[in-house]
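One-letter residues, chain by chain:
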Amino acid sequence: MARKSGDRPFEAVGFLISQLGFQSSRRFADRLEPLDLNPRTFALLRHIEAAEGEPQHALAEALRVPPSRMVALLDELEERGLVERRPHPTDRRARSLYLTSAGRRLLEKAKKVAAEHEAELCADLSAAERKQLIALLGRIATGQGLAAGVHPAIGFKVVGPPGD
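Figured I'd write up the structure that's included with this text. The structure presented is a predicted model; accordingly, all values stated were derived computationally and were not measured.

## Some thoughts on the overall build of the protein
Move 1: Each helix and strand in the protein was counted, giving six helices and two strands.
Move 2: A total of 164 residues make up the protein; the buried ones form 27% of that total.
Move 3: Restricting the contact set of the protein to residue pairs at least 6 apart, pairs at least 24 apart contribute 60%.
Move 4: Carbon together with sulfur atoms contributes 57% to the accessible area of the protein, which is approximately 11600 Å² in total.

## Notes on helix H2 (residues 39–50)
Move 1: Relative to the 16 Å expected for 12 residues at 1.5 Å per residue, H2 spans 17 Å between its end C-alpha atoms, a close match to the ideal helical length.
Move 2: For H2, the complete set of buried residues consists of Arg40, Thr41, Phe42, Ala43, Leu44, Leu45, His47 and Ile48.
Move 3: Check the buried side of H2 and you find it contacts helix H1 (13–32), helix H3 (56–63), helix H4 (67–79), strand S1 (83–87), strand S2 (95–99) and helix H5 (101–121).
Move 4: By the N-cap criterion, in which a side-chain oxygen at the helix start approaches the backbone nitrogen of a residue two or three places on, H2 is capped by Asn38, the distance to Arg40 being 3.0 Å.

## Let's talk about the environment of Ile48
Move 1: Within the element layout of this structure, Ile48 appears in helix H2.
Move 2: Taking the C-alpha atoms as reference points, Ile48 and Ser96, separated by 48 residues in sequence, lie 9.8 Å from one another.
Move 3: Leaving out residues up to four positions away in the same chain, Ile48 has contacts with Leu59, Leu74, Leu77, Val83, Leu97, Tyr98 and Leu99.

## Details of the packing of H3 against H4
Move 1: Remark: H3 packs on H4, axes separated minimally by 9 Å, with the N-to-C direction vectors making an angle of 115 degrees. Viewed along their axes, H3 and H4 adopt a mutual orientation that is roughly perpendicular. For the pair H3 and H4, the crossing hand works out as right-handed. Touching Gln56, Leu59, Ala60 and Leu63 of H3 are Pro67, Met70, Val71 and Leu74, all from H4.
Move 2: Here the contact of H3 with H4 is built from residues that sort into seven nonpolar, one polar and no charged.

## Details of helix H6 (residues 127–143)
Move 1: For H6, spanning 17 residues, the distance from its first C-alpha to its last is 24 Å, which sits close to the expected 24 Å at 1.5 Å a residue.
Move 2: A positive phi of about 80 degrees marks Gly145, the residue just after H6.

What counts and how
Each residue is numbered by its place in its chain's sequence as written, counting from 1. With the structure being a predicted model, the display of local features is reserved for residues of pLDDT at least 70 and the display and counting of side-chain atom pairs for 80 or more, all residues being used for whole-chain, interface and lining totals. Values reported for side chains reflect all heavy atoms of the structure, with hydrogen atoms and water molecules removed beforehand. Here a strand is any run of E in DSSP of at least two residues, a helix any run of H or I of at least four, and the numbering for each starts at the N terminus. Partly exposed residues are those whose accessible area sits between 20% and 50% of the maximum for their type, while under 20% is buried and over 50% is exposed, using a 1.4 Å probe and protein chains only. Pairs of residues are marked as contacts when any of their non-hydrogen atoms sit within 4.5 Å. Only the protein chains shown count as cover for residues, and all accessible areas are computed by the Shrake-Rupley method using a 1.4 Å probe. Helix span, expected: 1.5 Å multiplied by one less than the number of residues in the helix. Two N or O atoms form a polar contact when they lie within 3.5 Å of each other; inside protein one atom must be a possible hydrogen donor and the other a possible acceptor, and for residues adjacent in sequence the pair counts only when both atoms belong to side chains. The convention used is that axes are lines fitted to C-alpha atoms, helices contributing only their stretch in contact, and that angles between N-to-C directions extend from 0 to 180 degrees. Roughly parallel covers angles under 35 degrees, roughly antiparallel covers those over 145, roughly perpendicular covers 65 to 115, and oblique covers all other angles. Handedness of a crossing follows from how the near helix is turned relative to the far one, being left-handed for an anticlockwise turn of less than a right angle and right-handed for a clockwise one. Note that Gly is not counted as nonpolar here; it falls among the polar residues with everything else outside the nonpolar set of Ala, Val, Leu, Ile, Met, Phe, Trp, Tyr, Cys and Pro and the charged set of Asp, Glu, Lys and Arg.

Now the structure itself:
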C-alpha cells in the first residue's frame, strides 16, 4: 500500500532498532558464513578468549545461558577443534575453557569480518556520532535489563525452517 503524499514514514525507536537489528544480523551472518561461523559461535569464541581458563559454568552464568544448553554449544565447538576443555586447577568437578590454535586463527579472521561489518554499518556516521549512538543504545539496553556485551539470543536454540 502506497503512502499518501505528505505522510511520514513510521517513526519509533523500537521499530528502527528492530529494522536495523534484523538487517545488521542478516548481513553479519552472511559475512561469517564463508568462515563456517554464525554470530552465536563468534560471540562464544570471543567470550572464551576474554575469560580463557574460566570454568564452563562461569561462562554459562556470565552469558545467561542454561548450563545444559552451554554444554551442547561447547560440545559443538570442541568437536570442530576450536575449543578445548581442561581440568580446572582447583575444582576437580569443573572444566576450564581454552581456545585451540585453530580457534584463535578463526577468531582473528572473524574479528576482521566484524570490524568490516561495523565500518560498513556506521559509514554514514562520524566517529563522534558513532560513539554517541553507542552510548545512547547502551543506556536503553541497560534500562531494559540487558547484560553489557551479552546478546540474549546466545542461549536460544536456532531452529531452521520446517524440514531442516
